[in-house]
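# What the coordinates show
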Amino acid sequence: MSADGKLQAHLRELKAAKAEFEHQLRRYADAAERNGGVLGASEADVRRLKKNLADIDAEISAIESSST
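These lines cover the structure that appears in this document, whether it is placed above or below. (Residues numbered from 1 in each chain as written. Predicted model: local features only at pLDDT ≥ 70, side-chain atom pairs only at ≥ 80, totals over all residues. Heavy atoms only, no water.)

### What to know about the overall build of the protein
Broken down by element type, the protein carries two helices and zero strands. Its C-alpha radius of gyration of 16 Å places the protein more than 25% over the 11 Å reference for a compact globule of 68 residues. C-alpha extents for the protein along the principal axes are approximately 50 × 15 × 15 Å. Put simply, 73% of the contacts in the protein that link residues at least 6 apart link residues at least 24 apart. For the protein, the distance from the average position of its 11 positive side-chain charges to the average position of its 12 negative side-chain charges is 2 Å. (Helix = DSSP H or I, 4+ residues; strand = E, 2+ residues; numbered from the N terminus. Rg over C-alpha atoms; globule rule 2.2 N^0.38 Å. Contact = heavy atoms within 4.5 Å. Lys, Arg positive; Asp, Glu negative; His and termini not counted. Charge placed at Lys NZ, Arg CZ, Asp CG, Glu CD.)

### Quick look at helix α1 (residues 3–34)
Along an α-helix, residues three or four apart share an orientation, since each turn contains 3.6 residues. Over its 32 residues, α1 extends 47 Å from the first C-alpha to the last, a length consistent with the 46 Å expected when each residue adds 1.5 Å. For α1, every residue scored as buried is listed here: Ala9, Leu11, Leu14, Leu25, Tyr28 and Ala32. Buried positions along α1 lie against α2 (43–66). (Expected span 1.5 Å × (residues − 1). Buried < 20%, exposed > 50% of the residue type's maximum accessible area, 1.4 Å probe, protein only.)

### Some details on the pattern of salt bridges
One pass over the full model with this rule turns up five salt bridges. In this structure, Lys15 engages Glu64 in a salt bridge whose closest nitrogen and oxygen atoms are separated by 3.4 Å. Taken together, the positions of Lys15 in helix α1 and Glu64 in helix α2 put the pair 49 residues apart, joining distant regions of the chain. The salt bridge involving Lys18 is made with Asp57; its shortest N-O contact spans 2.7 Å. Placement of the pair is Lys18 in helix α1 and Asp57 in helix α2, with a sequence separation of 39 residues. (Salt bridge = Lys/Arg side-chain N within 4 Å of Asp/Glu carboxyl O.)

### Comments concerning the environment of Leu39
Mapped onto the fold, Leu39 is located in the loop between α1 and α2. Judged by its relative accessible area of 30%, Leu39 is partly exposed.

### Some thoughts on the environment of Tyr28
Along the polypeptide, Tyr28 turns up in helix α1. Using a relative accessible area of 19% as the deciding quantity, one classes Tyr28 as buried. Taking the C-alpha atoms as reference points, Tyr28 and Val46, 18 residues apart in sequence, are found 8.3 Å from one another.

### Concerning α2
For α2, spanning 24 residues, the distance from its first C-alpha to its last is 35 Å, which sits close to the expected 34 Å at 1.5 Å a residue. Of all the positions in α2, only Asp45, Val46, Leu49, Leu53, Ile56, Ile60 and Ile63 are classed as buried. Packing partners of the buried residues in α2 comprise α1.

Have a look at this one:
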């Protein structure tokens, strides 16, 4: 596999992981809405998911800007 192919595969994996983290955050938000604003997830878990999303966004941006 070429370097570009590996980079594209890595980018696809990052985007898939981002989608999973976003889905989990939506599930937490939906559950909180159903429970009258009470968050079922721990605050630490929500912070971890948000940090992971920010890290993934930064890596995706770096990859996309270096490949243009």
